[in-house]
Each structure stands twice: as C-alpha cells, then as structure tokens.
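Observations on chain architecture
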Amino acid sequence: MEKKNLDWSNLSFSYMKTDYRFVANYTNGAWDEGALTADDMITMSEDAGVLQYAQTVFEGLKAYETKDGRIVTFRPDLNAERLHDSALRLEIPPITKEMFLKSVQETVAANAAWVPPFGSGASLYLRPYIFGINPVIGVKPADDYQYRIFATPVGPYFKGGAKPISIKVSDFDRAAPHGSGNIKAGLNYAMSLHAIVTAHNEGFAENVYLDPATRTKIEETGGANIIFTDGNGTLVVPKSDSILPSITRRSLVYVAEHYLGMKIEEREVLLEEVMSGKFTEGGLCGTAAVISPIGKITDHGREFTFASGMEEMGPVMTKLRETLTGIQMGEIEAPEGWVVEIKL
Ligand code: PLP
Ligand code: COI
C-alpha cells in the first residue's frame, strides 16, 4: 500500500480530511450496523440536539505504524469504556464495545495510506463522537443520534514537540464538583475556549485548572492530565473526581511501577506543593500531548520553574515518554491486550 505524499515529520496537530470515516445512526431506539463512507459532510436539522444543547461526547486515540510495518492502536477498549460512560452521563444511547472496536478497525484499515511512517514522530489521530441529531427545543435528550469516527494524521500537540512549555493557573474553573469534568463531553471544551485564548494571548501554552471548591488543588489542564515526580523515584499523580480518567495517565502509572520500578502516589496535590518546589519535573499527559514537559507554572505573577528547566525535558519524563511510546509502537513488549493490531 502506497502512503500519501505528505511531509510526515512536519505535521502539526490539525485536521486534514482523509478518505473514509465510519458512520452509524440511532433511530427508533436502536443503533444500525454502521458503515464506511467517503462523505465528510453532515446534513442535519437547524434544531439538532447537538446544536441547541451541546449533546455530544467524544474520544481521542491514535494509530501508529510499527518498525516492522504493522499498524496498531493503543488500548482502544478503554476508549470504548469511557465513551460509554460519557454517553450515559449526557443521556446519549451508548454504542457497544464491539461496534466501537469494529469502527476503529474499519476506519484505520480504510485510511491505512494516511498512517504516518514509523519514526516520523507523527501518528493517525482518531476522533470518535456521538451527537443528538433530531430537532430538540424543550430541554431534553434527543431521540436520534449519529456516531462517527474520522481519522487525521497529526504531529505534536504543542509546537516544538517535547520542548518544555509554560502554563498558567487559570482564573476560570473547568469543572464543578459533581459536574461533568470526569467525562469527555464537548461542553467541557466549549467552556475552556475563552480561557485558552486568554492564556495564549498572555504567552502561555495551556491552563492548569484548580479544584473549583477550594481552588487550592491541582486538577488538570484543558486537554491533558498532569503528573509530577519528586526526583526520588516517586511519581505523584493528582487524584480528583472531576478530572478526565486519562488512558495515558493510567498507562503511565502502570509503566512507572512495573517497567521503571517507581513508587506511585495517587493523591490530592496542592498548588502550594508545586509552587514551593516539591517536585523536580512535571508533565502533561494525554493521547494528543503524549508527555509534554512543564517548564514553568505561573500563578498570578508568581512563577515556578522546575529543576528540569525550559530547555529540555527532564530525565524522568524522558524515560516515561520513551517507555510509553516504545510500548505503543511495538518496540518494547506491551502488557497483555494493550496493543491491538489493525487487520489490513
Ligand atoms: N484530560 C483532558 C481534559 C483531555 O482532553 C484529555 C485528552 O483526551 C486527557 C486528559 C487525556 O486523556 P487520554 O490519555 O485518555 O487521551
Ligand atoms: C486527546 O488527547 O485525544 C484529546 O482529546 C485532547 C484534545 C484537547 C485534543
């Protein structure tokens, strides 16, 4: 199979239309089987539930080419489970794990020519989502839904790839206690847009959000969880009911403990601990972010620069990133079931 003619090593994290996407419809109380289509356009009512009341949930995962030329995905079963949980929270009829995995298989196989070559640093990003499609005017769930998954080749989420980034403590809250912070719903991102534009205008790459109840604890960033290390072999992971259960973070916790022999602390992390220098390195982790090192955190003019600095990723984040991406791309043996091969 001939690859598309793209400058693979210089891709940014942006949308590019690929050849096929998978579409399934929910009508009369049941999902149909779904099928691939070349049509990237959606026609819907001006009063569709997604347009009026933001009834939509989504996922993000990647397909990679391995050194020996296979195409693989990473723990898609966990994306299926999280999409299921997100859907239930927004009264969206969930799709089965089987349908999810079938749609991943078919979408990646049909777009195999768009999977970036091994070693390019790029990957094929997959975006599954479900949304209410029929007219809804009183505040209630839609009756009909559409599930779609498209693929787009992407490079690093942050410019410069693994270069340390500068982030700010946001004055806005991302999620309320008992709100929707623990699911992947478009609404969580809509409310972060003003905050991210503000942060970018001030020269920051991302926002770190605090717990909305006390504004003393680290939650996560707009598009990734956060992890820290104390430089003494411990990985410290903020624990909260209102952050997204990142698949990357859960995998890193396993990798840190079982591959790198680190100690794990999953607990509440105070902003004050970070700003007073308790940790030597910090990183954003997620499908898009992989691990992006934090160089500096700014809280209302007060700055903290990690010992790893603004020039290079620190040694612990580097080791975690290399081990995780080695597993994802088939160079390091993966735990059972983590790496799922696409049949071509
Ligand atoms: N937190 C938020 C808010 C995100 O948008 C993402 C991206 O998916 C993550 C965390 C990381 O989750 P995952 O590792 O499952 O991609
Ligand atoms: C992902 O990492 O898949 C995400 O959904 C993050 C998004 C902000 C691009």
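The structure presented is a predicted model; accordingly, all values stated were derived computationally and were not measured.

Cut-offs used in this document
- Numbering of residues begins from 1 in every chain and follows the order in which that chain's sequence is written.
- Chains and ligands are labelled by the order in which they are written, letters from A for the one and numbers from 1 for the other.
- Predicted model: local features are reported for residues with pLDDT of at least 70 only, side-chain atom pairs are reported and counted for 80 or more only, and whole-chain, interface and lining totals are derived from all residues.
- In computing side-chain values, all of the structure's heavy atoms are included and hydrogens and water are not.
- Helix numbering and strand numbering both begin at the N terminus, where a helix is a DSSP run of H or I of at least 4 residues and a strand a DSSP run of E of at least 2.
- Using C-alpha atoms as the atom set, the radius of gyration is obtained and then compared with a globule rule of 2.2 Å times the number of residues to the power 0.38.
- Between buried and exposed lies partly exposed: a residue is buried under 20% and exposed over 50% of the maximum accessible area for its type, with that area taken using a 1.4 Å probe on protein chains only.
- Throughout, a residue-residue contact means that at least one pair of heavy atoms, one from each residue, lies within 4.5 Å.
- Each accessible area is a Shrake-Rupley result for a 1.4 Å probe, and residues are judged covered by the shown protein chains and nothing else.
- Whether a residue is near a molecule or strand depends on its heavy atoms: if one lies within 4 Å, it is near.
- Any N or O atom pair separated by 3.5 Å or less is treated as a polar contact, with the protein-specific requirement of one donor-capable and one acceptor-capable atom, and with residues adjacent in sequence counted only for side-chain atom pairs.
- Cavities and pockets are defined on a 1 Å grid built over the protein atoms alone: a cavity is a set of grid points where a 1.4 Å probe fits but cannot escape, while a pocket is an open set with protein on both sides within 12 Å along at least five of seven lines, and lining residues are those with an atom within 4 Å of any such point.
- Throughout, a molecule is located in a cavity or pocket provided that more than half of its atoms lie within 2 Å of its grid points.
- Charged residues are taken to be Asp, Glu, Lys and Arg, nonpolar residues to be Ala, Val, Leu, Ile, Met, Phe, Trp, Tyr, Cys and Pro, and polar residues to be all remaining types, Gly included.
- Grid points are joined across faces, edges and corners, and a volume is the space filled by probe spheres set on the points.
- In these notes, a set of buried Ala, Val, Leu, Ile, Met, Phe, Trp, Tyr and Cys residues joined through side-chain atoms within 4.5 Å is what counts as a nonpolar core.

A word on the overall build of the protein
Each helix and strand counted, the protein has eight helices and 18 strands in total. In terms of overall size, the protein behaves like a compact globule, its C-alpha atoms giving a radius of gyration of 20 Å where 344 residues would be expected to give roughly 20 Å. In terms of principal-axis extent, the alpha carbons of the protein reach across some 55 × 50 × 35 Å. Across the 344 residues of the protein, 52% fall into the buried class. Across the protein, the fraction of contacts at a sequence separation of at least 24, relative to all contacts at a separation of at least 6, is 71%. Roughly 15,200 Å² of accessible area belongs to the protein as shown, and the carbon and sulfur atoms make up 51% of that amount.

Some words on the site of ligand 1
Near ligand 1, the surroundings consist of 17 residues, among which Tyr189, Glu220, Ser246, Thr248 and Thr287 are the closest. In the model, a nitrogen atom of ligand 1 is placed 2.5 Å from a nitrogen or oxygen of the Glu220 side chain. Between ligand 1 and the protein, one listed contact pairs an oxygen atom with a side-chain N or O atom of Thr248 at 2.5 Å. Considering ligand 1 on its own, with 380 Å² of exposed area, one finds that the protein chains cover 97% of that surface. A molecule is said to occupy a pocket when more than half its atoms come within 2 Å of that pocket's grid points, and by this definition ligand 1 occupies the largest pocket.

Comments concerning the site of ligand 2
Residues in contact with ligand 2, as listed here, are Phe13, Phe58, Gly60, Tyr125, Arg127, Tyr157, Lys184, Gly223, Thr287 and Ala288. One nitrogen or oxygen atom from the side chain of Lys184 is found 2.7 Å from an oxygen atom belonging to ligand 2. Here an oxygen atom of ligand 2 and a backbone polar atom of Ala288 are 2.8 Å apart. At a threshold of 2 Å from the grid points, most atoms of ligand 2 map onto the largest pocket. For the shell around ligand 2, a count of residues per class yields five nonpolar, three polar and two charged.

Some remarks on empty space enclosed by the protein
A full pass over the atoms with the stated rule returns two cavities of 30 Å³ or more. Here the largest cavity defines a volume of roughly 80 Å³. Secondary-structure elements contributing two or more residues to the lining of the largest cavity are strand 5 (61-65) and helix 6 (247-258). Of the residues forming the lining of the largest cavity, the biggest block, three residues, is contributed by strand 5. Its residues assigned to classes, the lining of the largest cavity shows four nonpolar, four polar and one charged. Computed from the structure, the second largest cavity encloses a volume of approximately 30 Å³.

What about the layout of surface pockets?
By volume, the largest pocket is sized at about 870 Å³. Phe13, Tyr157, Tyr189, Gly223 and Ala288 are the residues nearest the centre of the largest pocket, which is lined by 38 residues in total. Of all the elements in the fold, those that place two or more residues in the lining of the largest pocket are strand 7 (123-132), strand 8 (145-154), helix 5 (193-201), strand 10 (206-210), helix 6 and strand 15 (281-286). Class assignment for the residues of the lining of the largest pocket results in 19 nonpolar, 12 polar and seven charged. Taken as a whole, the second largest pocket encloses approximately 360 Å³ of empty space. Lining the second largest pocket are 27 residues, and of these Lys62, Gly121, Pro156, Val290 and Arg321 sit closest to its centre. Considering each element in turn, the lining of the second largest pocket owes the most residues, four residues, to helix 8 (residues 315-328). Within the lining of the second largest pocket, the residues separate by chemical class into 13 nonpolar, 12 polar and two charged.

With respect to the nonpolar core
Within the largest apolar cluster, 33 residues are counted, with the highest numbers of intra-cluster contacts made by Trp31, Ile130 and Tyr147. At the level of secondary structure, the elements contributing two or more residues to this core comprise strand 1 (21-27), strand 5, helix 2 (76-89), helix 3 (97-110), strand 7 and strand 8. Setting aside residues no more than four positions away along its own chain, Tyr147 makes contact with Phe22, Val23, Ala24, Trp31, Leu83, Ile95, Phe100, Ser103, Pro128, Tyr129 and Ile130.

By themselves, these are just geometric observations and shouldn't be taken as functional.
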